[in-house]
Amino acid sequence: MEGKSEIVEVKTFPFPAGFNWAVGPMMERFIRTLAGRKVLGARCPGCGYTYVPPRSRCGQCQAAIAEKDVVELSGKGTLISYTNAHVAPDGNGNLKDLEKPIVVGAVKLEDADSVLFMPVEGVKPQDLKIGLAVKVRWREETKGAVADICCFEPVG
Amino acid sequence: MGYLKDERPTTIGVEGGWNLGAYHYKGSRLLEEYVAGLKHKKLTGSFCPGCARVIVPPRNLCGRCHRKMDGRKTVSDRGTITCFVVSPPIYKGKLKVLGMDPVEIGLVKDGQVVIPVFVKFDGSDSNTDTVLLNADPKDVHIGMRVKVVWAKELQGSLADVEGVEPI
Amino acid sequence: MKRRNVAVIGCGQTKHSSRRRDVNVAEMVSEAVYNALEDAQVSAREVDAFVVGNMPGFGGVAQPEQWIAESLGAAGKPVLRIATGGTTGGSVGQGGYYVVASGLHDMVVAVAWEKHSDSKEAGATTGLLHVGLGNFFHAAGYGLSLKNLVATSVVGAAAGVAVYQAMFYMHRSGCGIEHFDMVAAKARRNAAKNKYAHLQWPGCTAEDIAKTDIVTYPFRYGHICPASDGASAIVVAEESLARKKAKQPAWFKGLASYTDEENQLQSENFGGVGVTDPSEQRGCWLSAVKAYRMAGIVDPKTEIDVAEIYQPFPSQELFFAERLGLFDEGTAWMALETGETEIEGRMPLDPSGGVNATNAIGSSAMQRILECALQIMGKAEEHQVPKKVRNALAHGWGGVTNYSTVTVLGDTPGR
Ligand SMILES: [Zn+2]
Ligand SMILES: [Zn+2]
């Protein structure tokens, strides 16, 4: 073998490709309604499974779900699983350390069957437990955007 | 009559980015060898021991008989145009290259016509993708004889070949 | 080993258009799937498995099948994703055949799609960058000059190697730019008779196309395919189910997909290219020969009744028709002058308008199979060819411009 490798590392430079994913009518209604601090779901007319955010086809029974099947939820729920994240993607193919870890929780909302994955704040590490009652913490100014839901926090 | 229209409502978009420069690509040293030759006005090709084809710039494997193309051959800097296409006159604001206007940054003159060509250099069996310079678009034809236009200062870089021009 | 007989028993598409922003990708693809299920008169429950695909990178979702599966009725069922570049839809359709012919499944849905409008870049830019960017960075590291990039951009504006292919074909066949006008006009005219197509121009003429500006000679704006959003799906079943469910199933009679040496502007590592004529397309004729043999077709010129050729650019309808054995070498363009390739002609090519009128890339080669099935089933409505269709030929082109899928469908399973 020669000393020099036959393979070279290719130098790259940032080359961002932009996307703008259309969300469709059900998700649009969900996002717009957040402005009024309301969380919408959709109840399948075939099997009753309730999705949050709402969607237009049931994955359980394949029934079509329509605008009339949209229901309003309380915004309260239960933590059914969680994890502590210490790193996050740096947008350049690598991970970066977070200043302080964040809790990401799986929250099952009242009257819903599907699960939302969101940050959980305002809870001491020793108080974190599966079954914790949580509710939506709204951004100070809600404007009909996904970011209107700041995080979940303990009830009371 | 013209095209029929399909009007539809637009729903909200969620934005995101994908940095394609974040991949860790690997390449072979063949191009390093090729540009080292350019510094001495030498076009290097790889030679296939299976089918005797010479490919410029060199490749590792033959695409037809899959033999390792270990042999090297220097080919002539003169050759024949096997194919060409012709741009319309390029005016300011018409074309973007890496997000830049080629007229504004002086790569082409305002209204210039660009003629990308395939050239089969004498002694090679491949097309090399380059551009035809110093020629009237009306005179270009398949079979036209051309030679390399070398950069004034050779640096051992792909830019050493500025293009080809009619002989 | 014995292969089971397999047929298409249902077809479903979405309307194709440049901006399907009224739906998200899951909703768009499910529209095609449920249309196909309705056409076949079967429920999602009866489907054993799904074969799916789109171009990697194009919609900006790395594994779209994972999050759209529920919307397709595929949750909890075997899902096979196939991606082979522009041929993706052709490979997905053939994948549907493989899993049923092998005996693994009895009835599957094969669905393919693209949603270009989810990308902020023009046309297929993002997706194509995924294909070529590594090579570009490599060359840039060795001093590829901006001046040379101008030429690359000029070629890129006219769809890269396709514009060179057109020039090669003109040179060796005697075909002129006016024949490209004729193909493009036919595509837009036929598309106006196909309610799912994108660029629909009723009564479009070659003169209309000739009025459009040159992008890069020999291509005009009027020659270039659109970047479409859309999806297409077929329901594929084994013989006893097919006979029970469909009055006239469209049988898979022969199929093949061959590749060849790279023939783009530069090969891997920015090396030279050994294929000196990118319109040679050896992969296409190898596929055709194999598929015809499997289908028992001896003379495609007389035995093929209609063909759906993958032709984002008009030149491609012509040289691929020759590679597929439908016309003698260098003669396909002459048939335009006599109207032979019109819907009511002797050898109708792309009665649906083809890829030149509708290009949702992942879906495009699937649409060719689907359109052939419609012609055999007699369900092509306004663009149904006015003759008995015994054998229909579906072609796809892609890979890194060197790969073809060829599928022969027929009105009987017999070989
Ligand atoms: Zn349901
Ligand atoms: Zn060889």
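Let me begin by describing the structure that accompanies this report.

Conventions and cut-offs
Residues numbered from 1 in each chain as written. Chains lettered and ligands numbered in written order. Predicted model: local features only at pLDDT ≥ 70, side-chain atom pairs only at ≥ 80, totals over all residues. Heavy atoms only, no water. Donors = N, O, S within 2.8 Å, 3.2 Å for Na, K, Ca; no water. Tetrahedral: all angles 85-135°; square planar, octahedral: opposite > 155°, others 65-115°. Buried < 20%, exposed > 50% of the residue type's maximum accessible area, 1.4 Å probe, protein only. Helix = DSSP H or I, 4+ residues; strand = E, 2+ residues; numbered from the N terminus. Pairing = 2+ DSSP bridges. Contact = heavy atoms within 4.5 Å. Buried area = accessible area lost by both parts, 1.4 Å probe. Salt bridge = Lys/Arg side-chain N within 4 Å of Asp/Glu carboxyl O. Nonpolar A, V, L, I, M, F, W, Y, C, P; charged D, E, K, R; others polar.

**Quick notes on the coordination of the zinc ion (ligand 2)**
All names here are of chain B.
And then number 1: Donor atoms from the polypeptide that coordinate the zinc ion (ligand 2) comprise Cys48 (SG), Cys51 (SG), Cys62 (SG) and Cys65 (SG), at 2.2 to 2.3 Å from the metal.
And then number 2: One can describe the donor arrangement at the zinc ion (ligand 2) as tetrahedral, given that its four donor atoms subtend angles of 96 to 121° at the metal.
And then number 3: Positions of the donor residues of the zinc ion (ligand 2) along the chain correspond to the pattern C-x2-C-x10-C-x2-C.
And then number 4: Since its relative accessible area comes to 2%, Cys62 is described here as buried.

**Some thoughts on the pairing of strand S11 (residues 403–410) of chain C**
All names here are of chain C.
And then number 1: Taking burial as the measure, the eight residues of S11 include eight buried ones, the bulk of the element.
And then number 2: Every second residue of S11 is oriented toward a common face, with Tyr403, Thr405, Thr407 and Leu409 on one face and Ser404, Val406, Val408 and Gly410 on the other, all of them buried.
And then number 3: Bridging between strand S8 (residues 250–258) and S11 involves seven bridges; their strand directions are antiparallel. The residue of S11 that forms the bridge with Tyr258 is Ser404.
And then number 4: Pairing of strand S10 (residues 391–398) with S11, which is carried by eight bridges, proceeds in the antiparallel orientation. Each bridged residue has a counterpart across the sheet, and for Asn391 the counterpart in S11 is Gly410.

**Comments concerning the interface of chain C and chain A**
And then number 1: With 32 residues of chain C at the interface, the matching set in chain A holds 25 residues.
And then number 2: Between chain C and chain A lies a buried interface of about 2,200 Å² when both sides are counted; carbon and sulfur atoms form 58% of it.
And then number 3: In this assembly, chain C and chain A are joined by one salt bridge.
And then number 4: Across the salt bridge formed by Arg55 of chain A and Glu70 of chain C, the nearest N and O atoms sit 2.8 Å from each other.
And then number 5: The set of elements that each furnish at least two residues to the side of chain C that touches chain A consists of helix H1 (25–40), helix H2 (64–72) and helix H4 (125–140) of chain C.
And then number 6: At seven residues, the largest contribution of residues to the side of chain C that touches chain A is made by H4 of chain C.
And then number 7: Its residues assigned to classes, the side of chain C that touches chain A comprises eleven nonpolar, twelve polar and nine charged.

**Some words on the coordination of the zinc ion (ligand 1)**
Residue and element names in this part refer to chain A.
And then number 1: For the zinc ion (ligand 1), the full set of protein donor atoms is Cys44 (SG), Cys47 (SG), Cys58 (SG) and Cys61 (SG), and the range of their distances to it is 2.3 Å.
And then number 2: Each of the four donor atoms bound to the zinc ion (ligand 1) contributes to angles spanning 99 to 115°, and the resulting shape is tetrahedral.
And then number 3: Here the donor residues of the zinc ion (ligand 1) are spaced in sequence according to C-x2-C-x10-C-x2-C. Here the residue Cys47 occupies a position in the loop between strand S3 (39–43) and strand S4 (50–51), and Cys61 occupies one in the loop between S4 and strand S5 (70–73), the gap between them amounting to 14 residues.
And then number 4: For Cys47, a relative accessible area of 42% corresponds to the partly exposed category.

**Focus: the pairing of S3 of chain A**
All names here are of chain A.
And then number 1: Most of S3 is tucked away, with four of its five residues classed as buried.
And then number 2: Pairing of S3 with S5 involves four bridges; the strand directions are antiparallel. Paired with Leu40 across the bridge in S5 is Glu72.
And then number 3: Bridge count for S3 against S4 is two bridges, and the pairing is antiparallel. Counted as the bridge partner of Arg43 is Thr50 from S4.
And then number 4: In sequence, S3 turns back onto S4 through a hairpin of six residues, with Gly48 there showing a positive phi of about 85°.

Interpretation note: all reported values are geometric properties and have no functional meaning in isolation.
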